[in-house]
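# Architecture at a glance
Residue strings, one per chain:
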Amino acid sequence: QVQLVESGGGLVQPGGSLRLSCAASASGTIFNIYAMKWYRQAPGKQRELVAGITSHGITNYADSVKGRFTISSDNPKNTAYLQMDSLKLEDTAVYYCNLLTTSFTEYWGKGTPVTVSS
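A short tour of the structure in this document, coming up. (Residues numbered from 1 in each chain as written. Predicted model: local features only at pLDDT ≥ 70, side-chain atom pairs only at ≥ 80, totals over all residues. Heavy atoms only, no water.)

Tallied over the full model, the rule gives one disulfide. A sulfur-sulfur distance of 2.0 Å marks the disulfide that ties C22 to C97. Of note, the bridge from C22 to C97 carries an S-S torsion of about -80° and is left-handed in sense. Of this pair, C22 sits in strand β3 (residues 18–26) while C97 sits in strand β9 (residues 93–101), and the two are 75 residues apart along the sequence. The same class applies to C22 as to C97, namely buried. (Disulfide = S-S within 2.5 Å. Helix = DSSP H or I, 4+ residues; strand = E, 2+ residues; numbered from the N terminus. Buried < 20%, exposed > 50% of the residue type's maximum accessible area, 1.4 Å probe, protein only.)

Set out below in structure tokens:
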């Protein structure tokens, strides 16, 4: 079983920055990462894809965060990051890490809350 642990969420003012981390680990299980993604879910809204990165470094972003958010990964550490700059009120949500293995098994983290408020 693969476990994902997110960190880095918190309260920030509009225009501020946060860096989220997602560390993947497993005991007794060998896994190979195909892609890691960040999703978010705001109150009363559906979960939406924010950004993704493949093991080869190919990235994609939601239009709403392009130019403000940057996804990256440290493959040896099985860790993905989401650098969030120029945060807006509408970025407030719980952010979830998602991992897809090369055998197309999917795992989710428990989420880390991000609140953008003045």
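Grouped together as the largest cluster of nonpolar side chains are 30 residues, with contacts concentrated most on W38, L82, M84, Y95 and L99. Of all the secondary-structure elements, those providing two or more residues to this core are β1 (2–7), β3, β4 (33–41), β5 (48–54), β7 (69–74), β8 (79–84), β9 and β11 (112–116). Excluding residues that lie within four positions of it along the chain, M84 makes contacts with G16, S17, L18, L20, R68, F69, Y95 and V114. (Core = buried A, V, L, I, M, F, W, Y, C linked by side-chain atoms within 4.5 Å. Contact = heavy atoms within 4.5 Å.)

So, about the sheet that holds β8. The antiparallel open sheet is built from four strands, whose spatial order is β1-β3-β8-β7. The open sheet terminates on both sides in strands that have one partner only, identified here as β1 and β7. For this sheet, the mean inter-axis angle between neighbouring strands, taken without regard to orientation, is 15°. Taken together, the six bridges between β1 and β3 define a ladder with antiparallel strand orientation. Bridged to S7 within β3 is S21. (Pairing = 2+ DSSP bridges. Axes fitted to C-alpha atoms, helices over the stretch in contact; angles between N-to-C directions.)

A few words now on the environment of M84. Note on placement: M84 falls in strand β8. The spatial distance from the C-alpha of M84 to the C-alpha of G16 is 8.3 Å, given a sequence separation of 68 residues.

Take the pattern of salt bridges next. The tally for this structure, following the rule as stated, stands at four salt bridges. Put simply, R40 and E48 hold a salt bridge, and the shortest N to O gap is 2.7 Å. Classification of R40 as buried rests on a relative accessible area of 6%. A salt bridge links K66 to D63; its shortest N-O distance comes to 3.1 Å. By relative accessible area, which is 65% here, D63 ends up exposed. Through salt bridges with shared partners, a single ionic network connects R40, E48, R68 and D91. (Salt bridge = Lys/Arg side-chain N within 4 Å of Asp/Glu carboxyl O.)

Quick look at the pairing of β4 now. Examined bridge by bridge, β4 and β9 share eight bridges and lie antiparallel to one another. Its bridge partner being in β9, I33 is matched across the sheet by T101. The pairing of β4 with β5 spans six bridges and is antiparallel. Counted as the bridge partner of A35 is T54 from β5. What sits between the antiparallel neighbours β4 and β5 is a turn of six residues, in which G44 has the positive phi angle 75°.

Don't take any of this as a statement about function, it's just geometry.
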